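Secondary and tertiary structure notes
Below, each chain spelled out in residue letters.
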Amino acid sequence: MTGVLQRQLRDFAVAALLAVAIASAAFVVVRNGDVVDAQLELAQRSAHAVASGQEALPTTHVALVGPSQSSTRHPILRHRDIRQLGEAADRHLDKLFYDAALRIDREHKGAFVEMLHDGTGRAIAATTRDHGPMIVVAVTDVAKPAPYPLLVMIGVLGLGALLAAAGALVGRAAARAGTLTGIATLAIPALLWHAWIAATAIILLAAATTILQRAELTDQFSSGMRRHRVALGFLAPVAVAMFVLVAVPFVIGIVLGFYDHHQGTWTYVGLQNFRDILGGGTGGLDDGTNFWFVLGVTVLWTGVNVFFHVTIGVALALVLSRSWLRGKGVFRMLLILPWAIPNYITALIWKGMFQGEYGAVNSLLHAAHLDGVSWFTSWSTAFSANVITNTWLGFPFMMVVALGALETIPKELYEAASVDGASAWQRFRHITLPHLRPALGPAVALGSIWTFNMFNVIFLVSGGKPGDTTNILVTDAYRWAFERGDKYGMAAAYATLIFLILRLLTILGSRLAREKEPA
Amino acid sequence: MNRAPRPAARLATYIALIVLVSIVLYPVMLVLKKAFEPGRAFALSASPLPHAVTLDHFRDLFGAKTGGGDFLFLRHLANSLVAALATTVVGVALSCTAAYALSRFRFPGRATGLQTFLVVQMFPATLLIMPLYVVLDKLHLLNSVLGLVLVYSTTAIPFCVWTLKGYFDTMPRELEEAARIDGASQWMIFRRIMLPLARPGIAVTALFSFMTAWNEFIMASTFMTDESKFTLPVLIQSSVGQFSADWGLFAAGAIVTSLPVMAAFYVLQRSIIGGLTAGAVKG
């Protein structure tokens, strides 16, 4: 009997935890909604009261704002008379009053009311006065939201636990009924707050728990947890951190992709952002903000760079592995220097070298009696400048990986091949290359991902110039967020798409690698 | 390969190598030159040797002050140090147990967990920059080193877990088995035997995550807009910003900032390469 009771209460506790979380979230949403409604109404009523000649309402600050006039001392500057009503004038509010009056004049609407975008929960209302040119502006005090209904929650939790326990004591079918009703009890507060979605979710949770309990899945889950509790304990800190720091922002990013952001307000727009992006935007296929154009640049960028990294890296590795070469260590040390330098510094150095008619690169060209190039005014030269920079900083990785692989090739193989009369090319083709491939494969995969996302080089060297045409996907997403009028929703949708592309490529890549392995 | 080629071919090889080494060294020489040469403009000649020598740029770098009279460079250095150190401590401290569990225990969901860490570790944090910005803004953590530490931890934790797991994989299991026979609990085995033995691996992992945070640029430049909150990379980039470029200051700052991490890189290069390819092969 105690076993059944224990099991019943265990399942109730887990489900109740979830239900309380849902109910609390619903409470916060409903309460904030109520506060917003109340504040908006208060601000509006107070402004109208003053506009029609009555007193301002308590817990609001109201001011009469005069029309815009030229400042007497500086005629280009405009100013307005702001007269705050009530005894204690708060000068910090003057800017709010001024901006509200300005907005009334600009938008030619008689009145407006909205929440301030500073997160303080204050509402502002403005309206023109019935007589005269004055504009009435009212700002509410910071809202005092209702406290969390702790007693109500404890009460329903106790009631639910009692119902579940009673069901378990009666046994069998009653136990399941107890689970169902016990958890469903927790939906009561949500129903009281008219939070229908939360209430439905809790009732569904109750039903799901009952079904799982009946199929003995809760028992299995619990014994699994107990069996692996050491592993779970070891993993818990990272699991929590990853959830909070990675999973939550990731999900927020996906959700934001369905919203449009404009001056601090978010509007749900469904798939509009994705449609805009995949539709290519307003420009043609050669427009720098067209997704497909940027994707093309990114693919070209990745391909060209990885090609140079691998060919230069492997060629150098082959040279450095010659047995007769002196000073190998010194050459190797000097050649990996670009890898040691932080890449934002490398990018800035090269940007400086490409800049201007007399930059270092152009000076070298002049010294060789060639014409200087204005690197960032045409697409091909700007793209080349990026590629040169990234090749300079990227080849050492491939060189070092190839050197490592070459060291593992037994010398006897080459000797045997020479004895058999194999040519240099044949030795390379049939001995060196097969030994390089297993090490270079993963290195190329890694290098491709790095290059695909090489934000710093693009952002700092060409900066997208000329005219946003040399961006790659990651820098374009950044520009949508922070340089093209705070299009956060667009940027979030962009990031989601980049993630999908990368994920697809890595899945394809690892599948390809697995297919090749047995051969 | 067993027969040495003709002298002419050898000479050509040496010349080719020297040319490549010069291409590699040239930009570095220009920075060294600029750091000690007077003037704000970058190279006005292709020569990598300075025409005059001065320490002015270093004096400018260390001597710049805020409106309040504090030394700016020290501020930025402190911001960088605190952000990188805190990120390293958070990353390593949280990751050790998880890395050990992923290396030694078998439990349902292990494969999915490993896959998740691999993906998160490989993908760039810039993909999260938008949501992170919105979240930090809501929490009033923009322009705060704490906010930057949280952001850096999103990459540091998966990186540390993945690298340390690789290190634990290479450690022999005999010691643990012996300890288990002697009746030690799993936590005792980890705490008293594995953790002390893994110290070299932990040290290298810590240094990498420190270097990554120390060298991070775009997050810091997006989230830290107040000059007193800059980190060193943001300072260096802003010294050659769009409107006033002081390449002398840039060069001095670049040298001071990157010398320590470059030294660390040369000391640790073997482990860097081992760690990177180990992670990639298993993907």
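What you see is a predicted model; the values in this text were computed from it and never measured. (Residues numbered from 1 in each chain as written. Chains lettered and ligands numbered in written order. Predicted model: local features only at pLDDT ≥ 70, side-chain atom pairs only at ≥ 80, totals over all residues.)

Remarks on the overall build of chain A
When its secondary structure is counted, chain A shows 20 helices and 9 strands. Taken against the 2.2 N^0.38 rule, which gives 24 Å for 519 residues, the C-alpha radius of gyration of chain A at 34 Å runs more than 25% over that of a compact globule. In terms of principal-axis extent, the alpha carbons of chain A reach across some 105 × 90 × 40 Å. Here chain A holds 519 residues, and 36% of them are scored as buried. (Helix = DSSP H or I, 4+ residues; strand = E, 2+ residues; numbered from the N terminus. Rg over C-alpha atoms; globule rule 2.2 N^0.38 Å. Buried ≥ 20, exposed ≤ 12 C-beta atoms within 10 Å, placed from the backbone.)

Considerations on the environment of G201(B)
Residue and element names in this part refer to chain B. Structurally, G201 can be placed in helix 9 (residues 199-214). Note: C-alpha distance between G201 and F168 (33 residues apart in sequence) is 8.4 Å. In this structure, G201 is in contact with L164 and Y167, ignoring residues within four places of it in sequence. (Contact = placed C-beta atoms within 7 Å.)

With respect to the sheet that holds strand 1 (residues 60-65) of chain A
Residues and elements named next belong to chain A. Spatial strand order, 4-1-7-6-5: 5 strands in an open sheet with antiparallel pairing. Edge positions in the sheet fall to strand 4 (82-84) and strand 5 (111-115), since each of these pairs with one other strand and no more. In this sheet, adjacent strand axes meet at a mean angle of 15° when their direction is disregarded. (Pairing = 2+ DSSP bridges. Axes fitted to C-alpha atoms, helices over the stretch in contact; angles between N-to-C directions.)

Observations regarding the nonpolar core
Residues A477(A), A491(A), Y494(A), M130(B), L148(B), I157(B) and V161(B) are the most contacted members of the largest nonpolar core, which totals 129 residues. Among the elements that make up this core, the one with the highest residue count is helix 6 (residues 145-170) of chain B (14 residues). With residues up to four places along the chain from it excluded, the contact list for L148(B) reads A83(B), A220(B), F223(B) and M224(B). If you look at the next biggest cluster of nonpolar residues, it comprises 25 residues, including A43(A), A47(A), V50(A) and V62(A). (Core = buried A, V, L, I, M, F, W, Y, C linked by C-beta atoms within 7 Å.)

Considerations on the domain arrangement of chain A
According to the domain assignment, chain A consists of domain 1 (1-223) and domain 2 (298-472). Measuring from the centre of the C-alpha atoms in domain 1 of chain A to the corresponding centre in domain 2 of chain A gives 57 Å. (Domains from an automatic or database assignment.)

Notes on unusual backbone geometry
Residue and element names in this part refer to chain A. In the segment running from K465 into P466, the intervening peptide bond is cis, with an omega of -5°. Within the fold, P466 resides in the loop between helix 18 (455-462) and helix 19 (473-482). A positive phi angle is found at H369, which is not glycine, with a value near 60°. Mapped onto the elements of the fold, H369 is located in the loop between helix 14 (360-367) and helix 15 (379-407). With a phi angle near 60°, D468 is a residue other than glycine that sits in the positive phi range. D468 gets classed as partly exposed once you count the C-beta atoms within 10 Å, which come to 19.

Quick word on the pairing of strand 9 (residues 265-268) of chain A
Note on strand geometry: in a regular strand, side chains alternate between the two faces of the sheet. Residues and elements named next belong to chain A. Bridge count for strand 8 (residues 259-262) against strand 9 is 4 bridges, and the pairing is antiparallel. Looking across to strand 9, one finds that H262 is bridged to T265. In this structure, the hairpin formed by strand 8 and strand 9 is closed by a connection of 2 residues, where Q263 is found at a positive phi of approximately 45°.

Examining the interface of chain A and chain B
Interface size, as often reported, equals the accessible area lost upon joining of the parts. Each partner contributes to the interface: chain A provides 71 residues, whereas chain B provides 70 residues. A per-element tally of the side of chain A that touches chain B places helix 8 (residues 229-256) of chain A first, with 15 residues.

Points about the packing of helix 4 (residues 110-122) of chain B against helix 6 of chain B
Residue and element names in this part refer to chain B. Between helix 4 and helix 6, whose axes approach to 9 Å, the crossing angle comes to 125°. In terms of axis orientation, helix 4 runs oblique to helix 6. Where helix 4 crosses over helix 6, the handedness of that crossing is left-handed. Facing F117, L118, V120 and Q121 of helix 4, the residues of helix 6 in contact are P158, F159, V161 and W162. (Parallel < 35°, antiparallel > 145°, perpendicular 65-115°, else oblique. Left-handed = near helix turned anticlockwise from the far one by under 90°.)

Section: the environment of K34(B)
Residue and element names in this part refer to chain B. Tracing the sequence through the fold places K34 in helix 1 (residues 7-36). According to the C-beta neighbour criterion, K34 is buried, with 28 such atoms within 10 Å. Remark: the alpha-carbon pair of K34 and H51, spanning 17 residues in sequence, is separated by 10 Å. When residues no more than four places from it in sequence are discounted, the contact partners of K34 are F42, W247, G248 and A251.

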